[in-house]
Amino acid sequence: MVIELVDLKRQYQVLREEIMPRIEQVFAGMNLFLGENVYRLEEEFASYCGTRHAVGVGSGTDALHLALRAVGIGPGDEVITVSHTFFATAEAIVLAGGRPVFVDIDPATYTMAPALIEAAITPRTRAIVPVHLYGHTVDMDPVISISRKYGLSVVEDACQAHGAEYKGVKAGALGDAAAFSFYYSKNLGAYGEGGMVVTKDREIATAVQMLRNHGTRERYQHELLAMNARLDEVQAAVLRVKLPYLDRWNAARRTWAEEYSRRLADLEEVVTPVAQAYAKHVFHLYVIRTPERDRLQKWLKSHGVSTGIHYPIPVHLQEACSGFGYSPGSLPETEAAAREILSLPMYPELTMDEVTYVCRTIRDFVHGKKARRPKGAPSSVAREVAAG
Ligand SMILES: Cc1ncc(COP(=O)(O)O)c(C=O)c1O
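Thresholds, definitions, all that
Each chain has its residues counted from 1, following the order in which its sequence is written. Totals for whole chains, interfaces and linings use every residue, but because this is a predicted model, local features are given only for residues with pLDDT of at least 70 and side-chain atom pairs only at 80 or more, for both listing and counting. Hydrogens and water molecules were not included; the side-chain quantities draw on all heavy atoms of the structure. Stacked, tilted and edge-to-face are the three classes assigned to paired rings of Phe, Tyr and Trp, where Trp is represented by its six-membered ring and a pair needs centres within 6.5 Å; plane angles under 30 degrees give stacked, over 60 edge-to-face, the rest tilted. A run of H or I in DSSP becomes a helix once it reaches four residues, and a run of E becomes a strand once it reaches two; helices and strands are each numbered from the N terminus. The buried label applies to any residue whose accessible area, calculated with a 1.4 Å probe on protein chains only, is under 20% of its type's maximum; exposed applies above 50%, and partly exposed to all values in between. One bridge is not enough; two strands pair if DSSP finds at least two bridges between them. Working definition of a nonpolar core: buried Ala, Val, Leu, Ile, Met, Phe, Trp, Tyr and Cys residues. They are joined through side-chain atoms within 4.5 Å. Pairs of residues are marked as contacts when any of their non-hydrogen atoms sit within 4.5 Å. Disulfide assignment relies on a single distance test, namely cysteine sulfur atoms paired within 2.5 Å.

Trainee: What is the right way to read the packing of aromatic side chains from this model?
Mentor: Aromatic ring pairs are reported here in terms of the distance separating the ring centres and the angle at which the planes meet. Here the structure, examined in full by the defined rule, presents 13 aromatic pairs. A centroid spacing of 5.6 Å and a plane angle of 65° characterise the contact between Tyr 110 and Tyr 134, whose relative ring orientation is edge-to-face. Here the residue Tyr 110 occupies a position in the loop between strand 4 (105-106) and strand 5 (111-112), and Tyr 134 occupies one in the loop between strand 6 (125-128) and helix 6 (140-150), the gap between them amounting to 24 residues. Assessed through its relative accessible area of 5%, Tyr 110 is described here as buried. Every member of this aromatic cluster is reached through a ring pair, and the members are Phe 45, Tyr 48, Phe 180 and Phe 182.

Trainee: Looking at this structure, I do not really get the sheet that holds strand 12 (residues 279-280). What am I missing?
Mentor: What holds strands together in a sheet is hydrogen bonding between their backbones, with the strands either parallel or antiparallel. Judged by pairing direction, the sheet is antiparallel, and its 3 strands sit side by side in the order 9-8-12 without closing on themselves. Pairing within the sheet leaves two strands with one partner each, and these edge strands are strand 9 (169-170) and strand 12. Looking at chain direction, strand 8 (residues 165-166) and strand 12 are connected through 2 bridges and run antiparallel. Note on strand 12: the bridge partner recorded for Glu 165 is Lys 280.

Trainee: Is there a simple way to think about the nonpolar core in this case?
Mentor: As a rule of thumb, soluble globular proteins bury nonpolar side chains together. Formed by 56 residues in total, the largest nonpolar core has its most connected members in Met 112, Tyr 260, Tyr 286, Ile 288, Leu 344 and Ile 362. Here the element with the most residues in this core is helix 12 (residues 352-366); it accounts for 6 residues. If near-sequence neighbours (up to four positions away) are discounted, Tyr 286 is found in contact with Ala 257, Tyr 260, Ser 261, Leu 264, Thr 272, Pro 273, Leu 342, Ser 343, Leu 344 and Met 346. With 26 residues, the next largest nonpolar core counts Ala 63, Leu 66, Ala 67 and Ile 93 among its residues.

Trainee: What is the right way to look at the environment of Lys 301 in this model?
Mentor: In this structure, Lys 301 sits in helix 10 (residues 293-302). With relative accessibility at 63%, the residue Lys 301 sits in the exposed group. Note: C-alpha distance between Lys 301 and Glu 4 (297 residues apart in sequence) is 10.0 Å.

Trainee: Looking at this structure, I do not really get helix 11 (residues 332-340). What am I missing?
Mentor: Taken as a whole, helix 11 has its buried residues at Thr 334, Glu 335, Ala 336, Ala 337 and Ala 338. Its buried side turned inward, helix 11 meets strand 4, strand 13 (286-289), helix 10 and strand 14 (341-344).

Trainee: Looking at this structure, how should I read the state of the cysteines?
Mentor: Covalent bonding between the sulfur atoms of two cysteines defines a disulfide. Tallied over the full model, the rule gives 0 disulfides. Cysteine Cys 159 shares no disulfide, and the gap to the nearest cysteine sulfur, in Cys 49, comes to 12 Å. Judged by relative accessible area, Cys 159 falls into the buried class, the value being 10%.

What is shown is where atoms sit, not what they do.
Below, the structure is given as structure tokens:
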């Protein structure tokens, strides 16, 4: 059995008949950016997140960068975030003129450990960027109370957390502003690039509207030096078709996550993901942890199962970040996680047979049933699955 880490073709087959006419409509009208689809999507997504405003931009990276500029981040400002994230989190801080300051993670959830934030605050600290990684929200109450105590802005990196919740409040509605990515493999993904800033604050929304469009409110009147980071109409049309399915898709992800966790529960060598009581986890990724990670990944690959590592090199140890003063050992939990984590196939259209097969293959690995078999013969796992 061949199982991809993410298979987007299955979803497209279901949505094709809804999506193609909407794309055709955009082409027929030739109104290709900042048109009806973008503005309607902004309203729909703001309402979904429970924020007043949403501003469509070109990518999640643009969303983070422009949200940070909109809350006032500029040269010399320090922004506290995590190193266990996709590289773009730090990149956006630097693009805004700031300097990332990394704190370690809570090893249970792989997200920012709020207890470590205060020690990282200096007179130059201006903002905190909590990252709701893998679809699990950061423990936000302490983050918000620290931000109030020190007068810091909070910009959520919700790029992996469409529909996730913290104590019943949606990711995106927890900080001063939040950034979403519509990268094609996200829980809500476009068919190209896209992103969104959501906020309850009108001034932040207006600033992002200007920043995404060369600093203008009126055409050819440039009030700010900014950039082009507009969301295009084709992507917005696709996202408007997909948004009403998001909750169903997240529910399916949660079901597969439960199945994985139930079937792997008794394996001491495999740590399955935790969802804290405060969080509604939407499993953008289903990430297990094992000291045998590299061997398990090879074993799964040799049995047709694709996996991923999100992320193998922490941001603070990336060559591009060598000027920020970190070295191996700076963030022990982050570095340990990077050595041991493994993302299993996760998407709403998985089947029970596929989840069963992945779990049996892992169980075989753990139980050491790795007897050599003649070339071309099905593995014991494949025979078991074929036999039902
Ligand atoms: C946590 C996180 N932050 C930021 C981004 C950047 O989003 P994009 O790829 O749309 O620029 C991503 C997505 O890849 C992400 O996963």
